[in-house]
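Residue-level structure breakdown
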Amino acid sequence: KRRQERELQQMVDHEVKRSELLAKQQQKIDEMDRRAKEQQRIKEENEKAWIEKQREIELQKKREEDEIEAEAKRMANERFIREKEIQDRLAREEKERKKKAREEEMERRKKADEARAETQAILDAQAELVRQNRLKMEK
């Protein structure tokens, strides 16, 4: 009877140990699963944060490129306006020079015509005097 009790006790002890061992193993497995899930969650959070950071970097880069492009357009527009003003001023000055040259040429021609007319009048007057003198001499 004692031997049976002892064997029974050994079997119970063995079963208890086996049960404890299984419980410990299950606990280790559960802990490993928990850690794996936690690591996966952290990895996903990090990936999400990295993606968001990359998106922010790209947005900032786009904003900077847009600012540079806008500044380049503004500068090009200002340069165009300055060049147009210079061209307009040069065109006005050229027009004014031509107008002045035309007026000077007209004035020169007018004076030349007046001088020719005056010379012709003098020549005509001298020719008349010569003619009158000839007439007097012939008489």
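Data block above holds the structure.
Residues numbered from 1 in each chain as written. Predicted model: local features only at pLDDT ≥ 70, side-chain atom pairs only at ≥ 80, totals over all residues. Heavy atoms only, no water.

**Regarding the overall build of the chain**
- Scanning the chain from N- to C-terminus turns up one helix and zero strands.
- Relative to the 2.2 N^0.38 estimate, which gives 14 Å for 139 residues, the radius of gyration of the chain is 59 Å and therefore markedly larger than a compact globule would have.
- If one aligns the C-alpha atoms of the chain with their principal axes, the spans along those axes are about 200 × 15 × 5 Å.
- The 139 residues of the chain split such that 0% are buried.
- Just so you have it, the chain exposes about 14000 Å², and 54% of that area is on carbon and sulfur atoms. (Helix = DSSP H or I, 4+ residues; strand = E, 2+ residues; numbered from the N terminus. Rg over C-alpha atoms; globule rule 2.2 N^0.38 Å. Buried < 20%, exposed > 50% of the residue type's maximum accessible area, 1.4 Å probe, protein only. Areas by Shrake-Rupley, 256 points an atom, 1.4 Å probe, with all protein chains shown as cover.)

**Some thoughts on the pattern of salt bridges**
- If you walk through the whole model with that rule in mind, you get 19 salt bridges.
- Glu38 is the salt-bridge partner of Arg41, the closest N and O atoms lying 2.4 Å from each other. Residue Arg41 and its partner Glu38 are located together in helix H1 (residues 2-138), separated by three residues, close to a single helical turn.
- For Arg41, a relative accessible area of 36% translates into the label partly exposed.
- Residue class for Glu38 comes out partly exposed when judged on its relative accessible area of 31%.
- In this structure, Glu52 and Arg55 form a salt bridge, with 3.2 Å as the shortest nitrogen-oxygen distance. Of this pair, Glu52 and Arg55 both sit in helix H1, three residues apart, which is roughly one turn of the helix. (Salt bridge = Lys/Arg side-chain N within 4 Å of Asp/Glu carboxyl O.)

**Section: a positive patch on the surface**
- Taken together, Lys95, Lys98, Lys99 and Arg102 make up a surface patch of like positive charges.
- Take Lys99: it is sitting in helix H1. (Patch = residues over 30% accessible without salt bridge, like charges linked within 9 Å, V, L, I, M, F, W, Y side chains within 5 Å. Lys, Arg positive; Asp, Glu negative; His and termini not counted. Charge placed at Lys NZ, Arg CZ, Asp CG, Glu CD.)

**Description of a nonpolar patch on the surface**
- A cluster of nonpolar side chains, namely Leu8, Met11, Val12 and Val16, defines an oily patch on the protein surface of about 360 Å² accessible area.
- Mapping Val16 onto the fold places it in helix H1.

**Regarding a negative patch on the surface**
- Among the surface-exposed residues, Glu58, Glu64, Glu65 and Glu67 lie close enough to one another that they form a single negatively charged patch.
- Mapped onto the secondary structure, Glu67 falls in helix H1.

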